[in-house]
Amino acid sequence: MVKLLGKDYSKEDFRRYCVNISQVAGITETVYQDGRARGMRALRVRNGSGLDYTLLPDRCMDIAQLSFRGVNIGLLTRNGLCAPQQTAPVPGEFDRYFSGGMLTTCGLKNCGPEETDEYGRFAHTHGRINTLPCEQSWHYSRFSGGDYVLCAHAVTRDTALEGYNLSLTREISTQMSENELKITDEIENCDYNDTDYLILYHFNFGFPFLSEDLQVRIPTGGRRPRPRNEDARRTLDVWDRFEPPADNAAESVYFHSPEPDRDGTCMVRLENPGLKIGVAVSYETEHLPVLTQWRCTRSGEYALGIEPSNNEISGMQNERHEGRSMPIPAGSRHRFRLALRCYDL
């Protein structure tokens, strides 16, 4: 049965009521025409029950924007959306093209500050994968398994001559009956040599969902987070709360070691009682043992990042030294499952 706005419909009944299903839900292809996003492809996904988000096939199928029942959930930085041709991989340029978005995927050969790799090549902040267009992308909307399913797929490759050959295959799906999008990623080492990788899922939250009313709930088991910087050290007692924006406020970064449930899944809940809206980010911890929290209350850059990862964003060279980079043998694949669910309080 398809559930829509509190009522259940069989497939046949739904078709009797709905003249064209696109009036309720669907995936719409478009191309941005203005600003730094000019020429970039986008897929707008509406599930008909309140979830509305935009995917970017030209940015490894990351999630640009997301709203729930008309309320914006994600973050868009002052840079706005930037097409791949606007993301020059040169020192210092990251701060000029990072868009935030609902999800920015970081990796696969660097997470954290820019550095020079073992071959003398420049590795820019948070890696290249989120600046690379998909080499294959496709989508569909159809009845399946008793529900109406909206699904987008993409294949993006991160490669270097005489270096590495990594492929990221992504599926993002949602259903009409549930205000949840599911992400299934598969990283494959397509080379004949073993290599390693870093990955971080940079989920970003912004106003109006993000405000001083927001409550952050991470299953820490009573353990305090580890601070990455001095402001995080100073604000350890309020890591789960937000204040109103303040001019020139510093940002804080915390590392959590959350407790997964019995099936190895961690769920982070963000709830805004004033808006009566909650968002849950869930992910399997097998390949994502670290949870980074980015908290910024600075005026004009008010933001929260919830970032499951396999590293502590210190750059590939240091992550290797600390034993956190993920080895992947030639021909092997690693799978990641995450979900973002919006709900009413």
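Residues numbered from 1 in each chain as written. Predicted model: local features only at pLDDT ≥ 70, side-chain atom pairs only at ≥ 80, totals over all residues. Heavy atoms only, no water.

**Student:** Describe the overall build of the protein chain, listing the residues and the values that go with them.
**Tutor:** A tally of regular secondary structure across the protein chain gives four helices and 26 strands. Against the globule reference of 20 Å for 345 residues, the protein chain gives a C-alpha radius of gyration of 20 Å, in line with a compact fold. With respect to the principal axes defined by its C-alpha atoms, the protein chain has extents near 60 × 50 × 45 Å. The contacts in the protein chain between residues at least 6 apart in sequence include a share of 63% that link residues at least 24 apart. Where the 40 positive side-chain charges of the protein chain centre and where its 48 negative ones centre are 4 Å apart. (Helix = DSSP H or I, 4+ residues; strand = E, 2+ residues; numbered from the N terminus. Rg over C-alpha atoms; globule rule 2.2 N^0.38 Å. Contact = heavy atoms within 4.5 Å. Lys, Arg positive; Asp, Glu negative; His and termini not counted. Charge placed at Lys NZ, Arg CZ, Asp CG, Glu CD.)

**Student:** Report on the packing of aromatic side chains, specifying residues and quantitative values.
**Tutor:** Under the definition given, this model contains ten aromatic pairs. Ring geometry for Y197 versus F336: centroids 6.4 Å apart, planes at 80 degrees, classification edge-to-face. Residue Y197 is located in strand β17 (residues 195–205), and its partner F336 is located in strand β26 (residues 333–344); the two are separated by 139 residues in the primary sequence. F336 carries the same exposure label as Y197, and that label is buried. (Phe/Tyr/Trp six-rings, centres within 6.5 Å; stacked < 30°, edge-to-face > 60°. Buried < 20%, exposed > 50% of the residue type's maximum accessible area, 1.4 Å probe, protein only.)

**Student:** Requested: an account of the pairing of β17, with residues and values cited.
**Tutor:** Among the eleven residues in β17, eleven count as buried, and that is most of the element. Side-chain alternation along β17 places T195, Y197, I199, Y201, F203 and F205 on one buried face and D196, L198, L200, H202 and N204 on a second face that is also buried. With six bridges joining them, strand β10 (residues 103–108) and β17 adopt antiparallel strand pairing. In the strand pairing of β17, T104 is matched with H202. Alignment of β17 against strand β25 (residues 326–328), held across three bridges, turns out to be antiparallel. Among the inter-strand pairings, T195 is bridged to a residue of β25, identified as I328. When β17 meets strand β24 (residues 303–309), the two strands line up antiparallel, connected through four bridges. Directly across from F203, in β24, lies its bridge partner I306. (Pairing = 2+ DSSP bridges.)

**Student:** For the sheet that holds strand β21 (residues 265–272), give the residues involved together with the corresponding values.
**Tutor:** Within a sheet, adjacent strands bond to each other through the backbone by hydrogen bonds, running parallel or antiparallel. Strand order across the open sheet formed by eight strands is β13-β14-β15-β16-β26-β22-β21-β18, with antiparallel pairing between neighbours. Taken across any chain shown, the strands that pair with only one partner, and hence form the sheet edges, are β13 (136–144) and β18 (215–217). This sheet shows a mean twist of 15 degrees between the axes of neighbouring strands, independent of strand direction. (Axes fitted to C-alpha atoms, helices over the stretch in contact; angles between N-to-C directions.)

**Student:** I'd like a rundown of unusual backbone geometry, residues and numbers included.
**Tutor:** In this model, G107 is joined to L108 through a cis peptide bond whose omega is 0 degrees. Among the structural elements, L108 can be located in strand β10. A cis amide bond links F207 with the next residue in sequence, P208, at an omega value of 5 degrees. You will see that R69, though not glycine, has its phi angle at about 50 degrees, which is positive. Looking at where R69 falls in the secondary structure, it is placed in the loop between β6 (62–68) and β7 (71–72). We classify R69 as partly exposed; its relative accessible area is 45%. Positive phi, normally seen in glycine, also occurs at I313, with a value near 45 degrees.

**Student:** Please set out the pattern of salt bridges residue by residue, giving values where relevant.
**Tutor:** Going through the model one piece at a time under the given rule, you end up with 30 salt bridges. Between D344 and R69 there is a salt bridge; the shortest N-O distance is 2.9 Å. Highlighted residues: D344 in strand β26 and R69 in the loop between β6 and β7, separated in sequence by 275 residues. Judged by relative accessible area, D344 falls into the partly exposed class, the value being 45%. The partner of R320 in a salt bridge is E118, and the shortest N-O contact between them spans 3.1 Å. Taken together, the residues R320 in helix α4 (residues 316–321) and E118 in the loop between β11 (115–116) and β12 (122–123) connect sequence positions 202 residues apart. Take R320: its relative accessible area is 26%, and that puts it in the partly exposed class. By sharing partners, the salt bridges in this structure join K109, E118, D196 and R320 into a single network. (Salt bridge = Lys/Arg side-chain N within 4 Å of Asp/Glu carboxyl O.)

**Student:** Explain the side chain of T77 to me, using residue names and the numbers behind them.
**Tutor:** Position of T77 among the secondary structure elements: in the loop between β8 (75–76) and α2 (94–97). Aside from chain neighbours lying at most four places away, what touches T77 is F98, S99 and G100.

**Student:** Mind laying out the environment of E284, listing which residues take part and the relevant values?
**Tutor:** Within the fold, E284 resides in strand β22 (residues 277–284). The exposure class of E284 is partly exposed, given its relative accessible area of 27%. Among residues more than four places away in sequence, those in contact with E284 are G264, T265 and R337.

**Student:** So what's going on with the state of the cysteines? Which residues, and what values?
**Tutor:** All told, the structure shown has zero disulfides when counted by the stated rule. Free cysteine: C190, not disulfide-bonded; nearest cysteine sulfur from C134 at 15 Å. (Disulfide = S-S within 2.5 Å.)

**Student:** So what's going on with the environment of Y97? Residues and values would help.
**Tutor:** Looking at where Y97 falls in the secondary structure, it is placed in helix α2. Within the structure, the side chain of Y97 is placed 3.4 Å from the side chain of H124, a separation counted as a polar contact. (Polar contact = N/O pair within 3.5 Å; in protein donor to acceptor, adjacent residues only side chain to side chain.)

In short, the description is geometric, and any link to function would need to be established separately.
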